[in-house]
Amino acid sequence: QLWLLAGVALFALQSSAAALVPAALGKGDKNDDDTDATDAARRVADRCMGWGLFAGTALGLLQIACLPLVRCFSPLPEVRAAARTPAFL
């Protein structure tokens, strides 16, 4: 479930970026200066990519750090072993 929560968080970041980049491009239409709008959109996209990298790495490390907690949820060794592989993917 932690994996699903991480996926939802990263999808929310992607959805925000999908709205922010066109908004930055749209600001250039009013000024008739496409280079400033393109640069602003590129900066917004780079910032969103940085946040996505940071959030994805942090959530992945959190998921790996929570692997010992699998024992609390299942006493079966087969289930624990099966939960380990997707955590590292």
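What counts and what doesn't
- Residues numbered from 1 in each chain as written.
- Predicted model: local features only at pLDDT ≥ 70, side-chain atom pairs only at ≥ 80, totals over all residues.
- Heavy atoms only, no water.
- Helix = DSSP H or I, 4+ residues; strand = E, 2+ residues; numbered from the N terminus.
- Buried < 20%, exposed > 50% of the residue type's maximum accessible area, 1.4 Å probe, protein only.
- Contact = heavy atoms within 4.5 Å.
- Areas by Shrake-Rupley, 256 points an atom, 1.4 Å probe, with all protein chains shown as cover.
- Phe/Tyr/Trp six-rings, centres within 6.5 Å; stacked < 30°, edge-to-face > 60°.
- Core = buried A, V, L, I, M, F, W, Y, C linked by side-chain atoms within 4.5 Å.

### Some thoughts on the overall build of the protein
Assigned secondary structure in the protein consists of four helices and zero strands. Put simply, the protein has 89 residues, and 15% of those count as buried. Expressed as a percentage of contacts within the protein between residues at least 6 apart in sequence, the contacts between residues at least 24 apart total 48%. Looking at the protein as shown, the accessible area adds up to about 6800 Å², and 68% of this sits on carbon and sulfur atoms.

### Here we look at the environment of Leu 10
Take Leu 10: it is sitting in helix 1 (residues 2-31). Setting aside chain neighbours within four positions, we find Leu 10 in contact with Gly 52, Ala 55, Gly 56 and Leu 59.

### A word on the packing of aromatic side chains
Centre-to-centre distance and the angle between the planes together describe a pair of aromatic rings. If you walk through the whole model with that rule in mind, you get one aromatic pair. Aromatic side chains Trp 51 and Phe 54 sit 6.0 Å apart centroid to centroid with 85° between the ring planes, which places their arrangement in the edge-to-face category. In this pair, Trp 51 and Phe 54 are both assigned in helix 2 (residues 34-65), three residues apart and thus about one turn of the helix distant. Given the relative accessible area of 51%, Trp 51 is considered exposed. Judged by relative accessible area, Phe 54 falls into the exposed class, the value being 54%.

### A word on the nonpolar core
In this structure, Ala 17, Ala 24, Ala 41, Val 44 and Cys 48 together form the largest nonpolar core, which totals five residues. Contributions of two or more residues to this core are made by helix 1 and helix 2. In terms of residue count, the dominant contributor to this core is helix 2 (three residues). Excluding residues within four positions of it along the chain, Val 44 makes contact with Leu 20, Val 21 and Ala 24.

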